[in-house]
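What the coordinates show
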Amino acid sequence: RHLGGPRLRSVPGGAKTWRADEPRNDVEGAGGRRGLPPGMQSGTAVNPSGRRIEKLLDLIYDAAADNDLWRSVLTAIADLTNSQGGILYGVSFTKQAIYFDFNALLSEECNRAFQERHMVNPWSTHMENQPVGRLVMLDEAIALGELQRTLFYDEVLRPQDVAHNAMMSLAKKKDFYAAFNLCRSVRQGPFEPAEQALLEWLAPHLRRSATLGLHID
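Rules used throughout
Residues numbered from 1 in each chain as written. Predicted model: local features only at pLDDT ≥ 70, side-chain atom pairs only at ≥ 80, totals over all residues. Heavy atoms only, no water. 1 Å grid on protein atoms, 1.4 Å probe; cavity = no way out; pocket = protein on both sides within 12 Å on 5 of 7 lines; lining within 4 Å. Points joined across faces, edges and corners; volume = space filled by probe spheres on them. Helix = DSSP H or I, 4+ residues; strand = E, 2+ residues; numbered from the N terminus. Nonpolar A, V, L, I, M, F, W, Y, C, P; charged D, E, K, R; others polar. Buried < 20%, exposed > 50% of the residue type's maximum accessible area, 1.4 Å probe, protein only. Pairing = 2+ DSSP bridges. Phe/Tyr/Trp six-rings, centres within 6.5 Å; stacked < 30°, edge-to-face > 60°. pLDDT = per-residue confidence, 0-100. Contact = heavy atoms within 4.5 Å. Axes fitted to C-alpha atoms, helices over the stretch in contact; angles between N-to-C directions.

With that settled, consider empty space enclosed by the protein. Evaluated as defined, the whole model comprises three cavities of 30 Å³ or more. For the lining of the largest cavity, the secondary structure elements donating two or more residues are strand E1 (85-92), helix H3 (108-117), helix H4 (122-127), helix H6 (151-157), strand E4 (164-173) and strand E5 (176-184). By residue number, the principal contributor to the lining of the largest cavity is E5, which donates four residues. Residues of the lining of the largest cavity, tallied by class, amount to 18 nonpolar, eight polar and no charged.

The next point concerns the pairing of strand E2 (residues 97-104). Summarising burial for E2: six of the eight residues are buried, a large majority. Note that E1 and E2 share seven bridges and pair antiparallel. Bridge pairing links Gly86 to Ala104 in E2. Between E1 and the antiparallel strand that follows it, E2, lie four residues; Gln96 among them carries a positive phi value of about 55°.

Before going further, it helps to examine the packing of aromatic side chains. Taken as a whole and judged by the stated rule, the model has five aromatic pairs. When the ring of Tyr99 is compared with that of Phe176, the centres are 5.6 Å apart and the planes differ by 70°; the resulting orientation is edge-to-face. Here the residue Tyr99 occupies a position in strand E2, and Phe176 occupies one in strand E5, the gap between them amounting to 77 residues. Taking the relative accessible area as the measure of exposure, Tyr99 reaches 24% and is therefore partly exposed. Look at Trp123 and Phe152: their rings are 5.7 Å apart centre to centre, the planes differ by 80°, and that puts the pair in the edge-to-face class. On the criterion of sequence distance, the pair formed by Trp123 in helix H4 and Phe152 in helix H6 is long-range, its members being 29 residues apart.

When pLDDT is averaged along the protein, the result is 81, and 76% of the positions lie at 70 or above. For residues 1-33, every residue scores under 50 in pLDDT, and the model assigns this stretch 69 contacts once sequence neighbours within four places are set aside. Below pLDDT 50 for its whole length, residues 41-45 participates in twelve contacts with residues either more than four positions away or in separate chains.

Note on placement: Val136 falls in strand E3 (residues 136-137). Assessed through its relative accessible area of 0%, Val136 is described here as buried. If sequence neighbours within four positions are ignored, Val136 has contacts with His126, Met127, Gln130, Asn165, Ala166 and Met167.

A word on the pairing of E4. Extensive coverage of E4 is indicated by the burial of eight of its ten residues. Bridging between E3 and E4 involves two bridges; their strand directions are antiparallel. Across the sheet, Met137 pairs through a bridge with Ala166, a residue of E4. As defined by bridge partners, E4 adjoins E5 across nine bridges and the pair is classed as antiparallel. Counted as the bridge partner of Ala171 is Ala178 from E5. Connecting the antiparallel pair E4 and E5 is a turn made up of two residues, with Lys174 showing a positive phi of about 55°.

Taken in spatial order, the five strands line up as E2-E1-E5-E4-E3 in an open sheet, and their pairing is antiparallel. Each of the sheet's edge strands pairs with one partner strand only, and the pair in question is E2 and E3. Along the sheet face, helix H7 (residues 193-213) touches E3, E4 and E5 and points at about 30° away from the line of E4.

Right, dumping it as structure tokens:
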């Protein structure tokens, strides 16, 4: 969809989806076309097998042609990283405008509260000057105890049990950003190094698909 197009709220019937319980095969070697980074053990909940990675990458690139599939992409990544869910935004901080959003597993009511009252918050302020493609653990922006004392936490995060966030800007053009959030609860805790490594490995694929499919150049 071009910017300003309709917001799509459901994955069409028959769309390709990913299942966390699919069988795992051996991952390609370190030199393989889509192998995981060296040192990441395959066949675990965090470091999936080659077959699971192939399916996820196919889904990521399919999303370039069918933007509704971003919800399935984020659901798959949330499952792989033991996260609550995720959301992909197209946003202008200067205009305080959301051009599109693809929400996977997170609360729509809390999303509305964010868009209506909390677009400026400790996390978004920290992200404004981050380079495209850098994975940011937003615990570095504000300590959890301090975050929990904000109205942003009370109205947007607490109702859906979100406490930690990994965020990355996938594309930027002037004041426009396309960025995704991947959220975790207090119980799930901060992202582990292996989960961060997987997200960083996926980053160039996510960026390429977002740039092509969301018409950002």
